[in-house]
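Single-letter residue listing:
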Amino acid sequence: MFGRKRDSTGAEGDQPADATRGGEIGSTEGAVPGDRPAEQKKNRPTPKRSQQEARNQKPLVGADRKAADKRARDEMRRRRDEARIGVMNGDERFMGPRDAGPQRRYIRDYVDARFSIGEMFIPIALVVLLIGMFNQAWAMAANFIVYGLILLIVLDSILLCVVMRGRLKEKFGEGSIQKGTNFYAIMRSVQIRRLRVPKPVVRRREYPS
């Protein structure tokens, strides 16, 4: 009985040498010639963490992209300054529909050539307001002065529109007058002369022909 058990365990536990060699040969045959064994890979030096992070980090914006953006900003700033100077000088290339055109230029020259009461409204109103704040006796008088000044501005604006439209009809024709000419002339007349945009190009009483 003991002999049979040893034979059976020996048959099951022992493996032939040929089978072992066959397994080793089969494993080497399936390998690719270019692959290296695991032992050679383990012998490689492990890269440092800083090297790995530097390898993975990529610049989001290159130096050429930054230079291009800077050139674009400089060009945009130059064009904006050029347009602002052009509008101030009355250059038609940089003006919008509100200020462009021969009729608008004629209105500006006519308004700038005459003296308008409206251009004195802001300075006079500020002076009267300051006097009324420090002197209560002048408070009531200051109100009458401001209301009287507004009435004079209304009358002067009506006179401006009547005379100006007559000149526009003579120069450009009856049916060719643009819309909004009265409002355009009044809004320019109530502004201080030095702060008008486009700036005046004619002197006082130098009316356009």
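This text goes with the structure placed above it.
Structure report, in brief. Computed from a predicted structure; not experimentally measured.

1. Some points on the packing of helix α6 (residues 102-113) against helix α9 (residues 181-189)
- Two numbers describe how α6 lies on α9: the axes approach to 10 Å, and their chain directions differ by 35 degrees. Two packed elements cross with a definite hand, and for α6 against α9 that hand is right-handed. Of the residues in α9, those touching α6 at Gln103, Arg104, Ile107, Arg108, Val111 and Asp112 are Thr181, Tyr184, Ala185, Arg188 and Ser189.
- Residues of the contact of α6 with α9, tallied by class, amount to 4 nonpolar, 3 polar and 4 charged.

2. Notes on helix α8 (residues 139-172)
- Here α8 spans 48 Å end to end across 34 residues, near enough to the 50 Å set by a 1.5 Å rise per residue.
- Listing the buried residues of α8 in full gives Ala142, Leu149, Ile153, Asp156, Ser157, Leu160, Cys161, Met164 and Leu168.
- Of the surrounding secondary structure, the elements contacted by the buried residues of α8 are α6, α7 (121-134) and α9.
- Following α8 by one or two positions, Gly173 adopts a phi angle in the positive range, close to 105 degrees.

3. A look at the nonpolar core
- Judged by nonpolar contacts, Tyr106, Ile107, Tyr110, Val111, Leu160, Met164, Leu168, Ile177, Tyr184 and Ala185 together constitute the single largest core of 10 residues.
- Going through the elements one at a time, α6, α8 and α9 are the ones with two or more residues in this core.
- Here this core takes 4 residues from α6, the largest share from any one element.
- Beyond its immediate sequence surroundings of up to four residues, Met164 is in contact with Ile107, Tyr110, Thr181, Asn182 and Ala185.

4. Quick word on the packing of aromatic side chains
- Enumeration over the complete set of coordinates arrives at 2 aromatic pairs.
- For the pair Tyr106 and Phe172, a centre-to-centre distance of 6.1 Å together with 90 degrees between the ring planes defines the contact as edge-to-face. With a gap of 66 residues between them, Tyr106 in helix α6 and Phe172 in helix α8 connect regions that are remote in the sequence.
- Owing to a relative accessible area of 6%, Tyr106 belongs among the buried residues under this scheme.
- On the basis of relative accessibility, which here comes to 24%, the residue Phe172 falls in the partly exposed class.

5. Comments concerning the environment of Phe183
- Within the element layout of this structure, Phe183 appears in helix α9.
- Taking the C-alpha atoms as reference points, Phe183 and Ser157, separated by 26 residues in sequence, lie 9.5 Å from one another.

The rules behind each value
Residues numbered from 1 in each chain as written. Predicted model: local features only at pLDDT ≥ 70, side-chain atom pairs only at ≥ 80, totals over all residues. Heavy atoms only, no water. Axes fitted to C-alpha atoms, helices over the stretch in contact; angles between N-to-C directions. Helix = DSSP H or I, 4+ residues; strand = E, 2+ residues; numbered from the N terminus. Left-handed = near helix turned anticlockwise from the far one by under 90°. Contact = heavy atoms within 4.5 Å. Nonpolar A, V, L, I, M, F, W, Y, C, P; charged D, E, K, R; others polar. Expected span 1.5 Å × (residues − 1). Buried < 20%, exposed > 50% of the residue type's maximum accessible area, 1.4 Å probe, protein only. Core = buried A, V, L, I, M, F, W, Y, C linked by side-chain atoms within 4.5 Å. Phe/Tyr/Trp six-rings, centres within 6.5 Å; stacked < 30°, edge-to-face > 60°.

Function-wise, these values are silent; they only describe arrangement.
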